[in-house]
Amino acid sequence: MKKIVLLLIILTTLGFDSFKEDAFDVGEYFKFRIHYGIVNAGYATLEVKDATINNKKVFHAVGKGYTTGMSKFFFKVEDLYESYFDKQNGNPYRYIRKINEGGYTKNQEGIFNPSENRVLVKDYKRKTEKTIILTDNVQDIVSSFYYLRNHPNIDKLKSGESITIDMFFDEEITKFKLKYVGLQDITTKFGTVSTMVFKPLVQTGRVFKEKESLTIWITDDDNKVPVRIKADLAVGSLKADLDEYKGLKNPFKVKK
């Protein structure tokens, strides 16, 4: 059950070209039910709010993850991820990461300087500060989800083609390679939904069985909502299904 919100956000990352306000707006809210095997292990939520930074209106995205029931007694998870990013170009200004995963804790804040391609990382647990040089147009782990949803490159992708993107996380820039599989209709609690299927390539070993152990289904509409995620782990399997949504900017398309 580690990194519930992180897993959702990483797996919902696609490749896009530019930024425009199409796929989401203030008020959007997702709730995911997470199963480990047959056990209802926890929930994760993502929400978009309004905020102001340096007298400028920005998006404020908040992601939370937590275990429930018996899972909470075996492995308690309370994760919080936040991002403040520009409404026009999607550039991040600030991120917050406060997590408690079975006693493993982090309390960090990052302040971006897009004009200089730098980020100041403040670690409140270790009481340290570090400035890191970034690549162009880098996103933090939360802002990337919204930035990328806004600019689908789907029409240019063919089955088997991959996209590689840069993302700043854990004091370093990480590249994620995602392979497009194709279109698929799946049954959800909301009905039958037409989705785009992706397989992010991951490292095999302690966590994942194979490089293509992860699969994500995203609505084939203007919202680009992640409706299902599956992960074949080295031990067991993880599944996350969209359980609740509200405030979508565009209609949620369900087949009759």
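Residues numbered from 1 in each chain as written. Predicted model: local features only at pLDDT ≥ 70, side-chain atom pairs only at ≥ 80, totals over all residues. Heavy atoms only, no water.

Draft legend 1. Focus on the pairing of strand 11 (residues 191–200). Most of strand 11 is tucked away: 7 of the 10 residues are buried. Where strand 10 (residues 172–188) and strand 11 come together, 10 bridges link them in antiparallel fashion. Bridging from a neighbouring strand, Leu-178 pairs with Pro-200 of strand 11. If you look at the hairpin formed by strand 10 and strand 11, you'll find 2 residues sitting between the two strands. In terms of strand pairing, strand 11 meets strand 12 (residues 214–219) through 4 bridges, oriented antiparallel. (Buried < 20%, exposed > 50% of the residue type's maximum accessible area, 1.4 Å probe, protein only. Helix = DSSP H or I, 4+ residues; strand = E, 2+ residues; numbered from the N terminus. Pairing = 2+ DSSP bridges.)

Draft legend 2. The confidence of the model for the protein, seen in detail. Looking at the protein, pLDDT values average 83 and 83% of them are 70 or higher. Across the protein, element-level confidence peaks in strand 7 (residues 118–123) with a mean pLDDT of 97 and bottoms out in helix 1 (residues 4–11) with 53. Here residues 12–18 scores under 50 on pLDDT; set against residues more than four positions off or in separate chains, the count is 28 contacts. Throughout residues 203–210 the model reports pLDDT below 50, and contacts reaching past four residues in sequence, or to other chains, amount to 19 contacts. (pLDDT = per-residue confidence, 0-100. Contact = heavy atoms within 4.5 Å.)

Draft legend 3. Seen up close, the pattern of salt bridges. Summed over the entire model, instances satisfying the criterion amount to 14 salt bridges. Lys-76 serves as the salt-bridge partner of Glu-78, at 3.7 Å between the closest nitrogen and oxygen. Taking relative accessible area as the criterion, Glu-78 reaches 41% and is therefore assigned partly exposed. Given the relative accessible area of 37%, Lys-76 is considered partly exposed. When the shortest N-O distance is used, the salt bridge between Lys-106 and Asp-170 registers 3.7 Å. Taken as a pair, Lys-106 in strand 6 (residues 104–113) and Asp-170 in the loop between strand 9 (162–169) and strand 10 lie far apart in primary sequence, 64 residues in all. Owing to a relative accessible area of 12%, Lys-106 belongs among the buried residues under this scheme. Classification of Asp-170 by relative accessible area gives partly exposed; the value is 36%. Taken together, the salt bridges that share partners define one network made up of Arg-33, Lys-189 and Asp-243. (Salt bridge = Lys/Arg side-chain N within 4 Å of Asp/Glu carboxyl O.)

Draft legend 4. The side chain of Asp-241, seen in detail. Secondary-structure assignment places Asp-241 in strand 14 (residues 237–246). What makes Asp-241 buried here is its relative accessible area of 17%. Apart from the residues within four sequence positions on either side, Asp-241 is in contact with Lys-31, Phe-32, Arg-33, Val-227 and Arg-228.

Draft legend 5. Looking closely at the nonpolar core. Ranked by internal contacts, the top residues of the largest apolar core, which has 45 residues, are Phe-24, Phe-30, Tyr-146, Val-227 and Leu-242. Ignoring anything within four residues of it in the chain, the contact list for Phe-30 reads Ala-44, Thr-45, Leu-46, Phe-145, Arg-149, Val-225, Pro-226, Leu-242, Glu-244, Tyr-245 and Leu-248. Of all hydrophobic cores here, the second largest spans 8 residues; its members include Phe-112, Ile-132, Leu-134 and Val-138. (Core = buried A, V, L, I, M, F, W, Y, C linked by side-chain atoms within 4.5 Å.)

Draft legend 6. Seen up close, the environment of Thr-45. Mapped onto the secondary structure, Thr-45 falls in strand 2 (residues 39–53). As for Thr-45 and Tyr-29, which are separated by 16 residues in sequence, their C-alpha atoms are 7.3 Å apart. Apart from residues no more than four positions distant in its own chain, Thr-45 is found in contact with Tyr-29, Phe-30, Lys-31, Val-62, Gly-63 and Lys-64.

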